[in-house]
Amino acid sequence: MKAVRLSVLALLCALVSAGIALASWYDDYDAGVDAALKGQWQTVVQKMTAAINGNPNESNKARTYGAIFINYHPYYYRGVAYLNLGKYQQAISDFERTSGPGAEDLGSLDALMQRAKDRLAAATATPPLETARPQVTTTVAPAPSTTQQPAIDNALRTRARAALDQAKTHLQSAQQRKATTSQQYQSALNAYTAANSRLATVKNNDDLNAIIAEAENVTLLADSATAATVATTAPAPPRTAPATRSSSAAQTVLGDTSRRLHRALQDYFSGDFDKAEQGFQELSKEMPKNAWIWAFLGASQYSQYAFEGEDSYKAAAITSFRKAKTYGRWKDGLPEKYFSRRIRKAFKETAG
């Protein structure tokens, strides 16, 4: 039985590795967009430059891993950062290479390009000579402080919450149609997760209006998602190799386990986290000391937390991550080629 478990572990590593490209550029891109929303322009330059080094080609449908696609426009965000840092020539260069904004619109490309050119012209213009004038000192009383926090319309907040709830319903309908592997579903899911997270930290009514617009876009994308067509092929004929009774039994057990393991991994990488959780839950009962199983189970549960916003999923994910740390050792945390930045961060912050 020990040999069977070792074989399953080897199979798990092989299945996880197959077809999943080593990737980090999209994590840098994601971090760069987050920094842009916070106005951390130096970080934006660093992260977008790292992303460009990994993938220099902009696309509205850049593939990361599995069936996950993102709206990838690193030159746009780096150009905005250069503009805010006063590096106007670099900003113009990036604006000439980008086709427009990604998921977060920080201004039209034409307007940003014109602003960069105007500021570059002003910075390089030679000031006219002026005759010396006597200095006149005037004393101006400081204006009273009238700092005021922008008001947020509670009715608008309610509308934003309702729009997100409606978007969630349409995403669930897409799940029922088995459309989770489609690009439209993945884009809708990513947009929903980001908008749902921003709702808790809105600063003004413009933020709420942006969330409503994003939720409506999620609804449209989810409705357009369709199930992938699966080609059917005839099963391969069984092999007729001689086998002892013990090896035959091992192959039987391993064959059933590997099929369920493969299915659970497919569900996870296609974004069907509910089914993935069920599959890994069953496997965790058969292999309760397999750290990889617990890691993927925790990742599935945390992804549901990001989607649903329910603390019960987060609590379950933390429990699974703790078991993964108990039975396995990862020098630098979970590997980035299998787990997103958000999952790796949650795993790292979980006490072992």
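What counts and how
Residues numbered from 1 in each chain as written. Predicted model: local features only at pLDDT ≥ 70, side-chain atom pairs only at ≥ 80, totals over all residues. Heavy atoms only, no water. Helix = DSSP H or I, 4+ residues; strand = E, 2+ residues; numbered from the N terminus. Buried < 20%, exposed > 50% of the residue type's maximum accessible area, 1.4 Å probe, protein only. Contact = heavy atoms within 4.5 Å. Areas by Shrake-Rupley, 256 points an atom, 1.4 Å probe, with all protein chains shown as cover. Axes fitted to C-alpha atoms, helices over the stretch in contact; angles between N-to-C directions. Parallel < 35°, antiparallel > 145°, perpendicular 65-115°, else oblique. Left-handed = near helix turned anticlockwise from the far one by under 90°. Nonpolar A, V, L, I, M, F, W, Y, C, P; charged D, E, K, R; others polar. Salt bridge = Lys/Arg side-chain N within 4 Å of Asp/Glu carboxyl O. Core = buried A, V, L, I, M, F, W, Y, C linked by side-chain atoms within 4.5 Å. Polar contact = N/O pair within 3.5 Å; in protein donor to acceptor, adjacent residues only side chain to side chain. Expected span 1.5 Å × (residues − 1). Arc of directions from axis to C-beta. Phe/Tyr/Trp six-rings, centres within 6.5 Å; stacked < 30°, edge-to-face > 60°. Lys NZ or Arg CZ within 6 Å of the ring centre and 35° of its normal.

Draft legend 1. Looking closely at the overall build of the chain. Counting its secondary structure elements, the chain contains 14 helices and two strands. The buried share among the 352 residues of the chain stands at 39%. Residue pairs in contact within the chain that sit at least 24 positions apart in sequence constitute 67% of those at least 6 positions apart. In the form shown here, the chain has an accessible surface area of approximately 20,700 Å², with 51% of it arising from carbon and sulfur atoms.

Draft legend 2. Seen up close, the packing of helix H7 (residues 154-176) against helix H8 (residues 183-198). Running from N to C, H7 and H8 cross one another at 150°; their axes reach a closest spacing of 11 Å. When the interaxial angle is binned, H7 and H8 end up roughly antiparallel. Of the two possible hands of crossing, H7 and H8 adopt the one that is left-handed. In this structure, H7 uses Arg-161, Leu-164, Ala-167, Lys-168, Leu-171, Ala-174 and Gln-175 to contact H8, whose residues at the interface are Tyr-185, Ala-188, Leu-189, Tyr-192, Ala-195 and Asn-196. Considered class by class, the residues forming the contact of H7 with H8 number nine nonpolar, two polar and two charged.

Draft legend 3. Examining the pattern of salt bridges more closely. Following the criterion strictly, the structure yields seven salt bridges and no others. A salt bridge links Glu-104 to Arg-198; the shortest N-O distance between them is 2.9 Å. You can see Glu-104 sitting in the loop between helix H5 (88-97) and helix H6 (109-124) and its partner Arg-198 sitting in helix H8, a full 94 residues away along the chain. Given the relative accessible area of 23%, Arg-198 is considered partly exposed. Across the pair Glu-286 and Arg-260 runs a salt bridge whose closest N-O atoms are separated by 2.8 Å.

Draft legend 4. Up close: unusual backbone geometry. A positive phi is found at Lys-178, a non-glycine position, where the angle reads about 65°. Position of Lys-178 relative to the elements: it lies in the loop between H7 and H8.

Draft legend 5. Structural context of the nonpolar core. Ranked by size, the top nonpolar core spans 53 residues in total, and within it Leu-171, Tyr-268, Phe-280, Phe-296, Trp-330 and Phe-339 carry the most contacts. Among the secondary structure elements, those contributing two or more residues to this core are H7, H8, helix H9 (205-224), helix H10 (245-269), helix H11 (273-286), helix H12 (291-308), helix H13 (311-327) and helix H14 (341-349). Setting aside its immediate chain neighbours within four residues, Phe-339 contacts Tyr-268, Trp-292, Ala-295, Phe-296, Ala-299, Leu-334 and Arg-344. The next biggest cluster of nonpolar side chains, apart from the first, holds 28 residues, and it includes Val-45, Ala-51, Ala-91 and Phe-95.

Draft legend 6. Fine view of the environment of Glu-58. By secondary structure assignment, the location of Glu-58 is in the loop between helix H3 (41-54) and strand E1 (59-63). Taking the C-alpha atoms as reference points, Glu-58 and Gly-102, separated by 44 residues in sequence, lie 9.6 Å from one another. From its side chain, Glu-58 meets the backbone nitrogen of Tyr-75 in a polar contact 3.0 Å long. Here Ser-99 takes part through its backbone nitrogen, which lies 3.4 Å from a polar atom of the side chain of Glu-58.

Draft legend 7. Looking closely at the side chain of Arg-78. Topologically, Arg-78 is positioned in helix H4 (residues 74-84). If sequence neighbours within four positions are ignored, Arg-78 has contacts with Val-44, Val-45, Met-48, Thr-49, Ile-52 and Asp-94.

Draft legend 8. Structural view of H13. With 17 residues, H13 ought to run about 24 Å at 1.5 Å a step, and its terminal C-alpha atoms sit 25 Å apart, in line with that. Among the residues of H13, those classed as buried are Ala-317, Ser-320, Phe-321 and Ala-324. The buried residues of H13 occupy an angular sector of 105° when projected down its axis, which confines them to one face. If you follow the buried residues of H13, they end up packed against H12 and H14.

Draft legend 9. Spotlight on the packing of aromatic side chains. Enumeration over the complete set of coordinates arrives at 13 aromatic pairs. A centroid spacing of 6.1 Å and a plane angle of 65° characterise the contact between Tyr-29 and Tyr-77, whose relative ring orientation is edge-to-face. Of the two residues, Tyr-29 is situated in helix H2 (residues 25-37) and Tyr-77 in helix H4; the sequence distance between them amounts to 48 residues. Of the two residues, Tyr-29 and Tyr-77, both sit in the buried class. A cation sits over an aromatic face here: Lys-323 above Trp-294, 5.2 Å from the ring centre. A cation over a ring is seen here: Lys-325 above Phe-347, with NZ or CZ 5.0 Å from the ring centre.

Draft legend 10. Quick peek at H4. Among the eleven residues that make up H4, ten are buried, leaving the element largely enclosed by the rest of the structure. Residues of H4 that are buried sit in contact with H2, H3, strand E2 (69-72), H5 and H6.

Draft legend 11. Molecular detail of the packing of H5 against H6. Remark: H5 packs on H6, axes separated minimally by 9 Å, with the N-to-C direction vectors making an angle of 155°. Taken together, the axis directions place H5 and H6 in an arrangement best described as roughly antiparallel. You can see that H5 and H6 cross each other, and the crossing is left-handed. Contacts between H5 and H6 involve Tyr-88, Gln-89, Ala-91, Ile-92, Phe-95 and Glu-96 from the former and Leu-109, Leu-112, Met-113, Ala-116, Lys-117, Arg-119, Leu-120 and Ala-123 from the latter. For the contact of H5 with H6, the class distribution of residues is ten nonpolar, one polar and three charged.

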